[in-house]
Structures are given as structure tokens and as C-alpha cells.
Amino acid sequence: MHGKVLVIDPIATHRIVLRVKLAASQYEVLQATSIAEGMRVVGQRQPDLILCSTSLPDGRPEKVLARLRKVGLFGKVPVIALGGPTDPKRRLRLLEAGYDDVLIRPVDHPLLLARARSLLRSYASTSEWQLREGTSRALGFAEHSAQFGPAACIRVVTRTPHLHTEWKQALAPLLPAKTSVCLPAEAVQAELDGSIPDAFLLITTPGRDHETLSLLASLRSHASTRHSVIMVAQEEAPAQLGAQMLDMGANDLAPHGATLEEIAVRLRTLLARKMMTDALRATVRTGIEAAVIDPLTGLHNRRYAMPHVTRIAERAQRTGKSFALMIADMDHFKQINDRYGHAAGDAVLIEVARRLRSNLRAVDMVARIGGEEFLMALPGVGLENARSAATRLCRKIGTTSIAIPGHPTPINATISIGMIVCDMENGLPKGTLMTAEALLDRADQALYDAKAEGRNRVTLCRPAA
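Residues numbered from 1 in each chain as written. Predicted model: local features only at pLDDT ≥ 70, side-chain atom pairs only at ≥ 80, totals over all residues. Heavy atoms only, no water.

J.: Quick rundown of the pairing of strand β16 (residues 458–461)? Include the residues and the values.
T.: Side chains of β16 alternate between two faces, with T459 and C461 buried and V458 and L460 left unburied. In this sheet, β16 lies alongside strand β15 (residues 415–422) in parallel orientation, the contact comprising four bridges. Bridging from a neighbouring strand, M419 pairs with L460 of β16. (Buried < 20%, exposed > 50% of the residue type's maximum accessible area, 1.4 Å probe, protein only. Helix = DSSP H or I, 4+ residues; strand = E, 2+ residues; numbered from the N terminus. Pairing = 2+ DSSP bridges.)

J.: I'd like a rundown of the sheet that holds β15, residues and numbers included.
T.: A sheet is described by the order of its strands in space; here six strands give the open sequence β11-β13-β14-β12-β15-β16, paired in mixed fashion. Two strands close off the open sheet at either side, each with one partner strand: β11 (300–301) and β16. Packed on one face of the sheet, helix α13 (residues 342–358) meets β12 (323–330), β13 (365–368), β14 (373–379) and β15 and runs near 10 degrees to β14. (Contact = heavy atoms within 4.5 Å. Axes fitted to C-alpha atoms, helices over the stretch in contact; angles between N-to-C directions.)

J.: Kindly report on the nonpolar core, identifying the contributing residues and their values.
T.: Of all hydrophobic cores here, the largest spans 34 residues; its most connected members are M326, M330, V348, F374 and M376. If you list the elements that add at least two residues to this core, you get β12, α12 (333–340), α13, β14, α14 (383–398) and β15. Among the elements that make up this core, the one with the highest residue count is α14 (seven residues). Ignoring anything within four residues of it in the chain, the contact list for V348 reads M330, F333, I336, I402, I404, I411 and A413. Of all hydrophobic cores here, the second largest spans 24 residues; its members include M39, V64, L68 and A81. (Core = buried A, V, L, I, M, F, W, Y, C linked by side-chain atoms within 4.5 Å.)

J.: Give a description of the pattern of salt bridges that names residues and reports values.
T.: For the structure on display, the rule yields 23 salt bridges. Of the charged contacts in the structure, one is a salt bridge between R115 and D252, with a shortest N-O distance of 3.0 Å. Of the two residues, R115 is situated in helix α5 (residues 109–138) and D252 in strand β10 (residues 252–254); the sequence distance between them amounts to 137 residues. In this structure, R115 and D252 share a single accessibility class: buried. Across the pair E211 and R208 runs a salt bridge whose closest N-O atoms are separated by 2.7 Å. Residue R208 is classed as partly exposed on the basis of its relative accessible area of 32%. Here the residues in one salt-bridge network are R91, D101, R115, D252, E262 and R266, joined through shared partners. (Salt bridge = Lys/Arg side-chain N within 4 Å of Asp/Glu carboxyl O.)

Encoded structure:
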């Protein structure tokens, strides 16, 4: 089943027709004849979508939304109102109250099903980001995001810009957003007004349906606009085309004859949902970065480094290519902290991390795995190149003092490096898989040897065959 749909309608014929159409599309259908009965069903089996008649025996349709607010489901379950011919003001009131859409009977069932699919995708996406964000918070990786920022950008796309330029002025008092008007060919050009639109309003042109569908596909696939919301304003377009547009990525359809007030309300709802999703996405991204990035140096941390080393070793086993691992440790770092203070010690670590990163390839990994300990993984590198790279790193750290703000004299620092090179000739026989822990243990032993031999040097350890 694709999901549970609750139909609240006092008329049996309406419920039967909807049940047949929804069941044929693999939805589980729940039924209620009143608001009270509908809420009992919601309490027992939370639906994924609610279809609600605008004529109910125990209250106005706005009461359904009020009851959903009371049980904490408003904004978490999409709700579509179904009713007879409704004047634009009545439809506007229902949209402002919180209904996701208002469809007029007789309902075009392919359009209704497409609208249901579109809303379920949208709500499921938001729910997924909320779940990820909640997990990040539970793990201590995320902080609350600020709920403010620059005004939204809306781009009206039409083949007749001169006829729709007045929309910019008309939408201004209804929707606090920066609005621009352009031709379809200019829709994905971020440079048009210096920003990437948060929302697109596509004005359909009769007889040019293929152009609108092609533009929808482009907007959804383009890297800069794939997260933008898209609303289509139909000009006497057939319902079948509207259904196709929804399935191709349109977030909403403004019916033919919709007023600018209704378009503004629909856009405001879409933008609010986008703002929430963007904030959740940013929070999750920040949480993920916090989980794998060392906050002081900006390098990867041990949590990231260990599985990365495992993947390098596995790839080496498959391809027969060599790789090198190095563990670098600051020499006498405690003396730097004791003499200059921990702030100066942090500044030294930051500069050492920068020099390590800037003197290795982009494909190489550098991670801080301890207080003053760093791990470098160099895929595809043999013994001679690895030894040369390690020697270069020691020289880059030890031959140039590190200037510290607030200190009159630069600080001298050196590192010792323990290194292991793994290849078919030097101890990584085919069929043998060494874990990241085992490899690091061997590199760590080489580091101890470097310390014992006088520091500021490179010592090699080869894994046993």
C-alpha cells in the first residue's frame, strides 16, 4: 500500500467513489461521516492524507484543522478539501485556514491522485529531514537554526513578460518577496537578478504544453534550482496536463481564474514549507559536519578517518595498488603549552594542520586523531614517493617558525612521523585484509621508533606478510 487516506464525507456515494479510485491506486482507505468520527479514526490509525468534504454535519471544514492542531497533527498530515462550486473568496479562506488544496466536484480523479502523490512526497520529505534533524540533536551534533534571513525570491516565468510585469507590483503587498519576470529560456539563469529563486511561478500558454513540461524537468534537474518550489498557474489547461505537471515536480497548481490573492496564499504556503525544509537540511548538514570534522583545525577527525582508511585498504586489495599511512605527532608539545599557554598551543596546531594539508594532494586525507596527533592516508603511493612526502612534511614544519599573534617571537615546532607503506611487494599479500586499527598500530609503532631515535624524523614500518 502507498499509504492510508482518510475520507471524511457524510454522503455515501462520494465515499464509495473515492474508495474505489484510491484502492485501485494501492491506497488503504479509511472512512468517516463526520468530524467527530474522523477524529476518532485519526486517533486510532493516523492517516497519511485526509480528504475532507466542505459540507459536514457537525461543523465547518475549518473545524477539522482545529482538531488536528489540538492533537498535534496540523502541518504533519496533508489535508485536501472537496466540495461543490466554491466562490474564489471561500476557496481563499480555506487555503488561508491551512488546507493544502481545495478541489471542486465533480473531481477529476487523475488530477486528485496526482495532487495526493505530490503532497505525500512533499510531507514525507519534510518528515524525513525532521527525523534526521532529531537524530542529530539526540547525538548532540546540531543546534537550533535561526529562523530569519533575506526575503524570498520569486520568478514569474511567462512567454508574455509585458503582460505579467504588473504582477510584481500586485504581489508586493500580498507577499514579502523579491519578484522578477522572465521568459522560459531565462528561468534557470541565476544571474538574471543576481540570486537563485526560492519559488517559480510558471504561467502556462495554451498550445505550448510541451514547453512547460520541458521547463519543469529542467528546473527539477538543474543543480541550482532542484530545491526551489514550483507553482503552475493554468490558463484553461486540461486536468490531464495538470496531473502530469504535478507528477513531474510541480508543487502546486493554481486553477484557472485564481485571483492574485489566492496565488499569493499558495506561494506563501510553499515558501514557508521550503524555509522549514531548508533549515532542517542545513541543520542536518551542520550536524554531520560536526560529527566528522575537528572544530579546531578543520581537518577530519578520528570518526571519519578510521572507516576511510578501511576503504583505502579494501580498494588496494581489489586493485593491487599501493597506499601509505602516516601518523605525525608534535615533538615536545607540552612544553609549548606550558611556556606559551594553551591559546598559543592551539594556534600552533592550526598552523601545523594547514601546512600538512597544503603539502599533500587533494586526494590525500589528513585527520586530527588526538591532541597533537595527525593521520595522513595517501592512496596510490609507493615507498619512494611516500618517504619523500613524509620527509617534506617534516621539513615544512621544522624549518619555518610559527608566528603567534600577541607573541613577540615565533615558536619553533617539529613533528615525528611513523609510516607504513602497503603494497603487493611490501607486505600486503593478496587475500589479506588488514583493518584500519591494525594498520594504525603498525604506523604508531614506527612513530615510537622515530621518537626514540631523536624526534623530527621519519621512520618506516612495513606490515608483515
